[in-house]
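# A closer look at the structure
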Amino acid sequence: MKKKKFEWGYLLLLPGLGYIGFFVIVSAYIMIAQSFGLYNAITGEVSFTLEGWRNVFTKSFFDALWFTLRTSVLSALISIVITYPLALLMQKTKARKWLLPLIKIPYFVPGLVGSFLIVNLIDYHGLLNEVLLLLKIISEPMRLRNDANGIAVIAIHVWKNVPFMMIIMFSAIEGIRQDVKDCARNLGANSLQVLLHITIPLTVSSALVSVILTFIRTFNDYAISSTAGPMNPLSLSNLMKTTAYSYNDWVTAGCIGVLMTIVTVIFMVLYTVLGKYLQNGGK
Amino acid sequence: MKKKRTIRPRSLTKKLVSFMIPAGVGLIFLAWIVVPIGMAVLWSLVNPDYPWSYPQIFPTNLSTFHWEHVFKYTNILGAIKNSLIVATITTVGCAALALPTAYAIGRRKLIGGETFKIVMLLPMAMPGMAMAIFLGRLFSQWGLANSYIGIALAHILCTLPLMLRILTVSFESVPQDIIDAAANLGAKPWDRFKEVYVPMIVPGLIAGCIFTFIGSMEEFNLSFIIGAPAIQTVPTILYSYLGYNFLRTNASVVTLVMMVPNIIVLMLTEHFIKTEYLGAALGKM
Amino acid sequence: MSVRLTVSDVKLSYGDFQALKGVSFDIEPGQFVTLLGPSGCGKTTLLRCIAGFLEPQSGEIRFDGCIMNDVPPHKRNTAMCFQSYALFPHKTIYENIRFGLRMHKVPVTEHDELIQKAMDMVGLTGLGNRKPYELSGGQQQRVALARCVVVRPNLLLFDEPLSNLDAKLREKVRVEIRELQRELGITAIYVTHDQAEALAISDTIIAMNQGCIEQIAAPRTIYDKSANRFVADFIGTANLLRSSFREKDICNVVVDTDIGSFTALDDNYTKLDDISVSWRPEDMIPVLEGQDIPRGCNVVSGIVRNSVYMGDRLDIFMNCQEHVFRASVARDYVIPEGSSIRFAVPFAKTRIVQG
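Every chain's residues receive numbers from 1 upward, in the order its sequence appears when written. Working convention: letters from A go to chains and numbers from 1 go to ligands, in the order in which they are written. Local features in this predicted model are restricted to residues whose pLDDT is 70 or higher, and side-chain atom pairs enter the listing and the counts only when it is 80 or higher, whereas totals over whole chains, interfaces and linings include all residues.

A few words on the overall build of chain A. Runs of H or I in DSSP of at least four residues are treated as helices and runs of E of at least two as strands, each being numbered from the N terminus. Along its length, chain A carries twelve helices and zero strands. Going from the N terminus to the C terminus, chain A shows its helices and strands as α-α-α-α-α-α-α-α-α-α-α-α. Buried, partly exposed and exposed are defined by the number of other C-beta atoms within 10 Å of a residue's own C-beta, namely 20 or more, between the two limits, and 12 or fewer respectively, with C-beta atoms placed from the backbone. Burial analysis of chain A (283 residues in total) assigns 44% to the buried set. Sequence separation of 24 or more characterises 73% of the internal contacts of chain A that already satisfy a separation of 6 or more. We call two residues in contact when the distance between their C-beta atoms, placed using the backbone, is within 7 Å.

Before going further, it helps to spend a moment on the sheet that holds strand β3 (residues 32–36) of chain C. All names here are of chain C. At least two bridges found by DSSP between two strands is the condition for calling them paired. Spatial ordering of the open sheet is given by β6-β7-β8-β3-β9-β10, a layout of six strands whose pairing is mixed. Two strands bound the open sheet, and with one partner strand each, they are β6 (78–81) and β10 (212–217). Strand after strand, the sheet turns through a mean of 20 degrees between neighbouring axes, direction not considered. Inter-axis angles, ranging from 0 to 180 degrees, are taken between N-to-C directions of lines fitted to C-alpha atoms, where helices are fitted over the stretch in contact. Strand contacts of helix α4 (residues 137–149): β6 and β7 (155–159), with the helix running at about 175 degrees to β6, the strand carrying the most contacts.

Taken residue by residue, the interface counts 18 residues in chain C and 14 residues in chain B. Put simply, the parts of the chain that give the side of chain C that touches chain B at least two residues each are β6 and α2 (93–103) of chain C. All amino acids are sorted into three groups, where Ala, Val, Leu, Ile, Met, Phe, Trp, Tyr, Cys and Pro are nonpolar, Asp, Glu, Lys and Arg are charged, and the leftover types, Gly among them, are polar. Classifying every residue of the side of chain C that touches chain B gives eleven nonpolar, six polar and one charged.

This brings us to unusual backbone geometry. Residues and elements named next belong to chain C. Positive phi outside glycine occurs at Tyr-85, with the angle close to 70 degrees. For Tyr-85, the position within the fold is in the loop between β6 and α2. Non-glycine residue Gln-321 carries a positive phi angle of around 50 degrees. In this fold, Gln-321 is placed in the loop between β17 (314–320) and β18 (323–329). On the neighbour-count criterion, Gln-321 (8 C-beta atoms within 10 Å) is exposed.

Moving on: the interface of chain A and chain B. Contacts between chain A and chain B engage 64 residues on the former and 70 residues on the latter. Each residue belonging to the side of chain A that touches chain B can be placed in one class, and the counts come to 43 nonpolar, 18 polar and three charged.

Moving on: the domain arrangement of chain C. As assigned here, chain C comprises domain 1 (5–224) and domain 2 (240–354). The straight-line distance from the C-alpha centre of domain 1 of chain C to that of domain 2 of chain C is 39 Å. Domain boundaries shown here were taken from an automatic or database domain assignment.

Turning our eyes to something else, we now look at helix α3 (residues 108–122) of chain C. Residue and element names in this part refer to chain C. Expected helix span is taken as 1.5 Å per residue step, with the number of steps being one fewer than the number of residues. The end-to-end C-alpha distance of α3 is 22 Å, a good match for the 21 Å that 15 residues give at a rise of 1.5 Å each. Buried within α3 we find Ile-115, Ala-118, Met-119 and Val-122. Seen from one end, α3 has its buried residues packed into an arc of 95 degrees, which puts them on one side. Across α3 from its buried face, at more than 90 degrees, point the exposed residues Thr-109, Glu-110, Glu-113, Lys-117 and Asp-120. Summarising the contacts, the buried residues of α3 are in contact with α2 and α4. Once α3 finishes, Gly-123 follows within two positions and takes phi at roughly 80 degrees, a positive value. What the arc describes is the spread of directions from the helix axis to the C-beta atoms.

Take the packing of helix α1 (residues 8–35) of chain A against helix α3 (residues 76–107) of chain B next. Contact geometry of α1 of chain A with α3 of chain B gives a least axis separation of 7 Å together with a crossing angle of 130 degrees. The orientation of α1 of chain A relative to α3 of chain B falls into the category oblique. In this structure, α1 of chain A meets α3 of chain B at a crossing whose hand is left-handed. Of the residues in α3 of chain B, those in contact with Gly-9, Leu-12, Leu-13, Pro-15, Gly-16, Leu-17 and Tyr-19 of chain A of α1 of chain A are Leu-97, Ala-98, Pro-100, Thr-101, Ala-102, Tyr-103 and Ala-104 of chain B. Residue composition of the contact of α1 of chain A with α3 of chain B, by class: eleven nonpolar, three polar and no charged. Working definition: roughly parallel below 35 degrees, roughly antiparallel above 145 degrees, roughly perpendicular at 65 to 115 degrees, and oblique for all remaining angles. Left-handed describes a crossing whose near helix is turned anticlockwise from the far helix through less than a right angle; right-handed describes the clockwise counterpart.

On to the packing of helix α11 (residues 236–245) of chain A against helix α5 (residues 128–141) of chain B. At a closest axis distance of 9 Å, the pairing of α11 of chain A and α5 of chain B adopts a crossing angle of 15 degrees. The orientation of α11 of chain A with respect to α5 of chain B, classified from their angle, is roughly parallel. At the point where α11 of chain A passes α5 of chain B, the crossing takes the right-handed sense. Here α11 of chain A contributes Ser-237, Met-240, Lys-241 and Ala-244 of chain A to the contact with α5 of chain B, which in turn contributes Met-129, Ala-130 and Ile-133 of chain B. Its residues assigned to classes, the contact of α11 of chain A with α5 of chain B shows five nonpolar, one polar and one charged.

Further remarks concern the nonpolar core. In these notes, a nonpolar core means any group of buried Ala, Val, Leu, Ile, Met, Phe, Trp, Tyr and Cys residues linked to one another through C-beta atoms within 7 Å. By size, the foremost hydrophobic cluster in this structure holds 248 residues, and its most contacted members are Ile-256 of chain A, Leu-160, Leu-238 and Val-254 of chain B together with Ala-146, Leu-157 and Ile-189 of chain C. Per-element accounting of this core gives the leading share, 17 residues, to helix α7 (residues 151–174) of chain A. Residues in contact with Leu-238 of chain B, not counting those within four places in the same chain, are Leu-112 of chain A together with Ala-251, Val-254, Thr-255 and Met-258 of chain B.

Turning next to α2 of chain C. One turn of an α-helix holds 3.6 residues; hence residues three or four places apart share an orientation. Of all eleven residues in α2 of chain C, eight are buried, a share of seventy percent or more. Within α2 of chain C, the full set of buried residues consists of Ile-93, Asn-96, Ile-97, Arg-98, Phe-99, Gly-100, Leu-101 and Met-103 of chain C. Elements that come into contact with the buried residues of α2 of chain C comprise α8 (189–218) of chain B together with α3 and α4 of chain C.

Okay, structure coming up:
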């Protein structure tokens, strides 16, 4: 039997994966420890406490949770409702070549920029209000920004995520082999039936993947909700940050962080499972 | 009595439909993008002596006043300088850390492939702001707050998964035959890396560096927590104009400045970068 | 410079799958040897073991008596011509060819002359500045060849180098490879699944099947005196019939089959059971109505199923009880379907094979 040579590969993994693993685990540790009062950056004094956990479930927390959940779910749903039909309609067109680069732009625009651009449009004096006033659809400008419903927040996330979803859905729809569709037509299916029985079932999981990703991003977002969203209720990220920096209550902030992470991890697991399902050709 | 219907030749209706749909969608997306950006451009060019408000649809008088104002009286030049410095450090560090790891994952048969994928997804598992504020605590303990290195280290954390994914794809796509041929002709392992691997992954490396640089230029959460107040980056300076003191005109200018890297990356992605890198960049599995 | 290659009882498995089940052979320096067999027979695996890319689990590979098992590929001084050519896409043709010289630390002053000579040898003079993607498949093949010969290796290894070329080009290039090898006198191992190619250019053919060597022989021998059913069937076409031994005298062997007895002229007959009688389609002589059967021949008769015009010959498929036999006759014959026909197969062209 030959000797086992030392596999350098594992050592080489350290710089990249080790770096990521280290910092993520460390921040997670600090967050969890903080939530139990076991970490103190300033004085180094620690004392185990469950106060944070008892106090975290306040009205403002639930308001924030509800607000964040609502905006995330609505953003994800509205985005997919816009994207899916459009992507299906756009299947065979040659215009895709120049359309795709155009579509990709908002995805690359950073959250803050997107926030400003859309806020600009839907603000009190923004274009949307002006046009609606002109068309006499409304009698006075609507307050669409920093409002309790988070309409601006949803609008910005939809603006950013529709392009992202389009790209995923395009490649999913494109990924359906033409001969599968031809076979269906050969066996007597008309366009609608091909759509219902072939295209949609094969692309539904991609749609779900993009919905989950959009949900996660909106749920965890800080920049957009803090600039375009209401002061009351705050988004969860905003609440966490304010609790930490403005009230100096790091313990409760840690608790909020832990709760948010749990939600995120659950959805990340869902995303991974769906992704595997997709990779295996959708068993 | 049945109405007589003119039957249009099928091909004509089809042609009309297949023109209308992309045209319609195209128009929607044009509006989707052009209108917001256009508004920002207009607002940045408003003449302060002729305030633009309802009922005017367009500003009546344009001037570059606000551009000059922002560049002279705000810290935007400093912020741009800071962003560039941090982005450079980030890109170099990220590439240095990612290269050996991507080589190992891409070429070496290592067990535990699933663990690697999970580690790469880890940064997405924590909410961005959560990681920012708790990492921020750590950094202030270590004295890294308010420093270029601190922000860069944090940015590297955000951009590493992307760089790793792109570089791994690059390494994987080098045909084994060519490596074998090099070995066959006498190339030792280091020679193979230098002569064959490196030239062949350069396109991917460039793509990765571009995405990393841009990513760092636009990163907000960590720059905000770790950098403030001493070091302002372009995103954090924009944030200051979006909060309580909503200065629409200033915000417009800074927004447009921030979009410059985006335009560059978009042009580059369309021309030079293969779709597999883009696919990797968008996190497709 | 050119080495003697000795392979002793090499075994290699991928998990449960045994790719090589104990392969042994010995090759004289300067020989052109072909590893021939169907997909999955282990010929490429064996070639890669010789090159050093795979390590056998047991057995030895020796160059001129030195054990090479633990020597990494870059130290073995072999040169391999890949099926995909494996040219370095980012280097020019000149730099591609120069690569080996640089790795072997040949003095820089000698590079240009050697490279020009190699390019002349393969007919690529003047194309040094091009990049691989600018050349045709055939030209890329020659670059791969030049890259191999310029380093004067101990062994030339070919991994189905011509499979990506069209038929006419293949015929042309294989002859050029052979002549180049002869001129340089380097031992060459050539892997292919194309038996016509193997017959055309080899000194020796090693026929492989499912990880084992079935026969090692010169082309003529392997064709006319196939050792077993696999070799007879794989190389060329053969008519095969299971048979049982009846008797043997000084120069003939007589065996029984379900369509009658066959006599074969066989000098080295040793096997007794599990045998088949085998003959080639082109050795079947049609016996027309009224003609006598020639002396010293076996007779095979049946009904013509169909006849296929191949251009250079006529292939006739005939039913004989439940068997279908194939005969190749001159293209001038007119043999209608459904007619009954007799063929004479000389004893000398009838073989007994194992299996």
